[in-house]
Amino acid sequence: MTHFLEPNRIPIFQIGDCLLLTIQVDLEDRMIMTLKDDLAERIAKTHAKGVLIDISALDVVDSFIGRMLANISAIARILDASTVIVGMRPAVAITLVELGMSLQGVRTALDVDRGMELIRRGAAEEAARLHEA
Amino acid sequence: MRPEPEQEEGAADGEVIPIRTGADVSRVRRVTAAAMATIGASKIETTRMVTAASELARNTLDYGGGGEMRIAIVGRMSKRKVEMIFSDRGPGIADIALALKDGYSTGGGLGLGLSGAKRLCKEFEIRSVPGEGTIVKVVSWTERP
């Protein structure tokens, strides 16, 4: 379960082998840096295969936040977990593209259900590949 | 000395927001959103302007060594616009054309701050004097028939 119910910290929930976090507040720079560290440690500790980041409550993603999301996703990948960003608002998506950020290497899904599905499918394919090998 | 009164979130007009910390960048975003709401801007226009404000506030902090943002609502009735002026007394920008190029960064960022903000606002003006500082003015309004 969650361990980080502290102010200025985003709680990370564990569901099976997935970590779920939902960003419900205006993200201050310090918070997202802390989140990056917390998440890396939690992935290592729980052996999570997937990370779902729900940003449906975020009404702005600027280039700094975008870069941090891409960083988190890259760190998770190295720790053998795949990240899916879910719930991006249409206005945020339009603005990100106009800003010139393509969030390359970051997977996205419309909502938590679809994001979870992506992670499960990825894990199943991985298992099948290992089985065949 | 009296403590500063809590700023009302909707009272954006004529406000001056100091930009000294990351928390101030968040405050710039909130104040911009409130101003855009005041002129009845759409969701997408608001998101564009708040994102641009966030980029410019961060530039002011990271490259200008801090500064301030002045925000005002100009014009009347349905022609109202939100105008923001970011200023710092930092090292300035020697080559503005270069600084406006996508991907150009001196600070390890993505180099989308200035160029991105320019794309997101209806009007964008920049003046910079090396050794004296930088001023960026952006204006946005809402498209209505």
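Since this is a predicted model, take the numbers as computed values, not measurements.

Caption draft 1: Structural detail: unusual backbone geometry. All names here are of chain A. Even without being glycine, H47 reaches a positive phi, approximately 55°. Its place among the elements puts H47 in the loop between α1 (29-46) and β3 (50-54). The exposure class assigned to H47 is exposed, which follows from its relative accessible area of 64%. Phi angles above zero are rare outside glycine, and D80 is one such case at about 65°. Within the secondary structure layout, D80 lies in the loop between α2 (63-78) and β4 (82-86).

Caption draft 2: Structural view of the pairing of strand β4 (residues 123-129) of chain B. All names here are of chain B. Residue alternation in β4 divides its side chains into a buried set, F124, I126 and S128, and an unburied set, E123, E125, R127 and V129. In this structure, β4 lies alongside strand β5 (residues 133-141), joined through 7 bridges in antiparallel fashion. Counted as the bridge partner of I126 is V136 from β5. Here β4 folds back onto β5, and the loop between the two strands holds 3 residues, one of which, G131, carries a positive phi near 90°.

Caption draft 3: Examining the interface of chain A and chain B more closely. On the side of chain B, 22 residues touch chain A, which itself brings 19 residues to the contact. Where chain A abuts chain B, roughly 1,800 Å² becomes buried across the two surfaces, and 54% of that area is made up of carbon and sulfur atoms. Area buried by chain A at its contact with chain B is led by V60(A), E98(A) and L99(A), which between them contribute 29% of it. Taken together, the connections running from chain A to chain B amount to 3 salt bridges. Close ionic contact of R29(B) with D62(A) constitutes a salt bridge, the shortest N to O distance being 3.7 Å. Only α2 and α3 (90-99) of chain A provide two or more residues apiece to the side of chain A that touches chain B. For the side of chain A that touches chain B, the residue count by class is 9 nonpolar, 3 polar and 7 charged.

Caption draft 4: Region of interest: the sheet that holds β5(B). Residues and elements named next belong to chain B. Taken in spatial order, the 5 strands line up as β1-β2-β3-β5-β4 in an open sheet, and their pairing is antiparallel. Each edge of the open sheet is held by one strand with a lone partner, namely β1 (15-19) and β4. Across the sheet, the mean angle from the axis of one strand to that of its neighbour is 15°, orientation sign disregarded. Note that β1 and strand β2 (residues 67-74) share 5 bridges and pair antiparallel. Paired with I19 across the bridge in β2 is G67.

Here is what the cut-offs are and how they apply
- Residues numbered from 1 in each chain as written.
- Chains lettered and ligands numbered in written order.
- Predicted model: local features only at pLDDT ≥ 70, side-chain atom pairs only at ≥ 80, totals over all residues.
- Heavy atoms only, no water.
- Helix = DSSP H or I, 4+ residues; strand = E, 2+ residues; numbered from the N terminus.
- Buried < 20%, exposed > 50% of the residue type's maximum accessible area, 1.4 Å probe, protein only.
- Pairing = 2+ DSSP bridges.
- Contact = heavy atoms within 4.5 Å.
- Buried area = accessible area lost by both parts, 1.4 Å probe.
- Salt bridge = Lys/Arg side-chain N within 4 Å of Asp/Glu carboxyl O.
- Nonpolar A, V, L, I, M, F, W, Y, C, P; charged D, E, K, R; others polar.
- Axes fitted to C-alpha atoms, helices over the stretch in contact; angles between N-to-C directions.

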